[in-house]
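# Architecture and fold: a report
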Amino acid sequence: MPRSQRNDNFIDKTFTVMADIILKVLPIDAKSKEAFVYYRDGMSAQAEGEYAEALDNYYEALKLEEDSNDRSEILYNIGLIHASNGKLEEALDYYHQSLELNPRKPSVLNNIAVIYHHQGEKCKQAIEEDEAERLFDKAAEYWKQAIRISPNSYLEAQNWLKTSGRSEMDVFF
C-alpha cells in the first residue's frame, strides 16, 4: 500500500490530497508525476523517522526526475538523512551533488559548513590543530557563501565567523 494511503497524520494527509490534485491538473508528463509521488512519499517517511523507506523513495525519485532543481532537493534530503544517521561523509557527498545542481541553496551551504565545523571540533579535541584549522577554514567559506545568499540567516555562524577572525565586513552587507 502506498504511503499516501496509510498516512494517519492530518497535515500529511492534507498535503497528500493537495499534491494529488495538483498532479492531476498540472500539464506535466507521467514520468515527472511518478517522480513527485516518490519524492512526496519520501518526505512523508522522513518526517516520521522512517529513514530507510524515505531513502528508497528518494532513490526511485532520482531515477525518474530530470529537473535539476528537483533533483537538487532530492539529493539534499538524502544528505539530511545521512547526516542525521551520523554518516557525515555520505551526507557531504549528497550535499555537494545537490550544490552542483543548485549552487545558490543556502541550506545546503550551511549544512556542509556545519559538518566541516563539527569535524574541525573533533580534530581540535584530538589535538590535531592544523587539520582543525583547515576544516574550520572550509566551514567558514561555506558559511560565507550561505550568508551572502541569505544575509539575515545563520546568525550563530555569523557570530562564529566574527569571533574566530574568519569574517570580512562585506560578507554581511
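Being a predicted model, the structure only gives us computed values, none of them experimental. (Residues numbered from 1 in each chain as written. Predicted model: local features only at pLDDT ≥ 70, side-chain atom pairs only at ≥ 80, totals over all residues. Heavy atoms only, no water.)

## Thoughts on a negative patch on the surface
Selection criterion: Note that patches include only residues with greater than 30% relative accessible area and no salt bridge, and the join distances are 9 Å for like charges and 5 Å for nonpolar side chains (Val, Leu, Ile, Met, Phe, Trp, Tyr). For the area figures, the Shrake-Rupley method with a 1.4 Å probe applies, and any residue is considered shielded solely by the protein chains shown. Salt bridge, as used here: a side-chain nitrogen of Lys or Arg that lies within 4 Å of a carboxyl oxygen of Asp or Glu. Only four residue types enter the tally: Lys and Arg on the positive side, Asp and Glu on the negative side, with His and both chain ends excluded. For the purpose of locating charges, the reference atoms are NZ of Lys, CZ of Arg, CG of Asp and CD of Glu. A helix here means a DSSP run of H or I that spans at least four residues, while a strand means a run of E at least two residues long, and both kinds are numbered starting from the N terminus. A simple rule labels every residue: compare its accessible area, found with a 1.4 Å probe on the protein chains alone, to the largest value its type can have, and call it buried under 20%, exposed over 50%, or partly exposed in between.
On the surface, a cluster of negative charge is contributed by Glu-89, Glu-90, Asp-93 and Glu-100. Inspection of the secondary structure puts Glu-89 in helix α6 (residues 88-101). In this structure Glu-89 comes out as exposed when scored by relative accessible area, which is 52%.

## Considering the packing of aromatic side chains
Condition: Aromatic contacts are taken between Phe, Tyr and Trp rings whose centres are within 6.5 Å, Trp giving its six-membered ring; a plane angle under 30 degrees counts as stacked, one over 60 as edge-to-face, and the others as tilted.
Counted under the stated rule, the structure contains five aromatic pairs. Taking the centre distance of 5.9 Å and the plane angle of 40° together, the rings of Tyr-76 and Tyr-95 count as tilted. Here Tyr-76 is found in helix α5 (residues 68-84), whereas its partner Tyr-95 is found in helix α6, with 19 residues between them in sequence. Here the aromatic rings of Tyr-116 and Tyr-142 are separated by 5.8 Å at their centres, their planes lie at 40°, and the arrangement is tilted. One end of the pair, Tyr-116, is in helix α7 (residues 106-125); the other, Tyr-142, is in helix α8 (residues 129-149), and 26 residues separate them in sequence. As far as the burial class goes, Tyr-116 and Tyr-142 line up, both buried.

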